[in-house]
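If you want the building blocks of each chain, they are given just below.
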Amino acid sequence: MENQEFLKEYHKKRNFDVSSEPFGKSKNKKDKEIFVLQKHQASQLHYDFRLAVDGVLKSWAVPKGPSTDPDEKRLAIPTEDHPMEYANFEGGIPEGQYGGGTVMLWDAGTYKNTRKDDNGKLIPMKDQIESGHITFELEGKKLKGGFSLIRFQKGKGEKWLLKKVDDEEADARKNLTGTEHKSVLTGRTMDQIKKDSEKNE
Ligand code: MN
């Protein structure tokens with residue numbers, strides 16, 4: 001079996017006999033530049049933003065969700081790396097389990113690294129993450145155009161901000177967090193996903 005050290009924290013938090021979340025096998029570098037945003041009704045509603053970097057999903061929890069308004073900064077708290085298989089996960093996590101509640105695949109697509117150094121060379125994503133400043137373009141079903149993630153508090157309790165870049169996809173009037181926005185995977189609402197997952201228990 002391949003070394004799963006990179007998923008240690010992910011595995012430690014979950015009981016896979018009870019939760020239908022994917023266990024995750026190994027780093028998968030095939031789906032290089034994908035992103036997902038999962039709406040997660042746990043004890044607190046939040047949106048999990050995940051970017052595939054070097055075969056894992058780098059993850060941030062965004063309590064207020066994304067905004068297409070370039071003047072809006074959204075708090076983003078880094079969470080443990082998730083396996084690539086998580087990019088297809090939608091359903092219920094049993095109550096009492098870590099993250100217990102309902103998960104909707106709210107958006108999915110590809111991203112493009114857009115941050116260059118002084119010589120015009122793209123800075124590898126992992127170096128951007130380390131430096132606390134990531135810039136990328138999303139090509140999702142709902143989210144499009146440039147976004148940045150910038151760390152403003154380091155160390156324990158690390159905090160970042162997710163912000164729309166001011167480009168032609170920017171729109172200060174759009175409301176992304178209403179219940180009219182359904183799953184890009186199944187077209188279901190949060191309520192439907194919740195009901196369906198309770199039936200399968
Ligand atoms: Mn979550």
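Each value, and the rule that gives it
Residues numbered from 1 in each chain as written. Predicted model: local features only at pLDDT ≥ 70, side-chain atom pairs only at ≥ 80, totals over all residues. Heavy atoms only, no water. Donors = N, O, S within 2.8 Å, 3.2 Å for Na, K, Ca; no water. Buried < 20%, exposed > 50% of the residue type's maximum accessible area, 1.4 Å probe, protein only. Helix = DSSP H or I, 4+ residues; strand = E, 2+ residues; numbered from the N terminus. Pairing = 2+ DSSP bridges.

> Help me out: how do you make sense of the coordination of the manganese ion in this one?
Each pair of donors in an ideal four-coordinate tetrahedral metal site encloses 109.5 degrees, whereas pairs in an ideal six-coordinate octahedral site enclose 90 or 180 degrees. Here the manganese ion is held by His-40 (ND1), His-46 (NE2) and Asp-48 (OD), and the distances to it run 2.1 to 2.3 Å. The sequence pattern formed by the donor residues of the manganese ion is H-x5-H-x1-D. The residues His-46 and Asp-48 share a single accessibility class, namely buried.

> Got a minute to help me understand unusual backbone geometry in this structure?
Although it is not a glycine, Asp-54 adopts a positive phi angle of roughly 55°. Here Asp-54 lies in the loop between strand S2 (45-53) and strand S3 (56-62).

> How do you make sense of the pairing of strand S6 (residues 101-113) when you look at a structure like this?
Within a regular strand, the side chains alternate between the two sheet faces. Direction of pairing for strand S1 (residues 34-41) relative to S6: antiparallel, over a ladder of eight bridges. Across the sheet, residue Ile-34 finds its bridge partner in S6, namely Thr-110. The sheet contact formed by strand S5 (residues 91-93) and S6 spans three bridges and is antiparallel. Its bridge partner lying in S6, Gly-92 is registered against Thr-102. In this sheet, strand S7 (residues 133-140) lies alongside S6 in antiparallel orientation, the contact comprising five bridges. When the bridges of S7 are listed, Lys-112 appears paired with Glu-137.

> Help me understand the pairing of strand S4 (residues 73-82), please; the structure alone is not making it clear to me.
Taken together, the four bridges between S3 and S4 define a ladder with antiparallel strand orientation. Among the inter-strand pairings, Ser-59 is bridged to a residue of S4, identified as Thr-79. In this sheet, strand S9 (residues 159-164) lies alongside S4 in antiparallel orientation, the contact comprising four bridges. In the strand pairing of S9, Arg-74 is matched with Leu-162.

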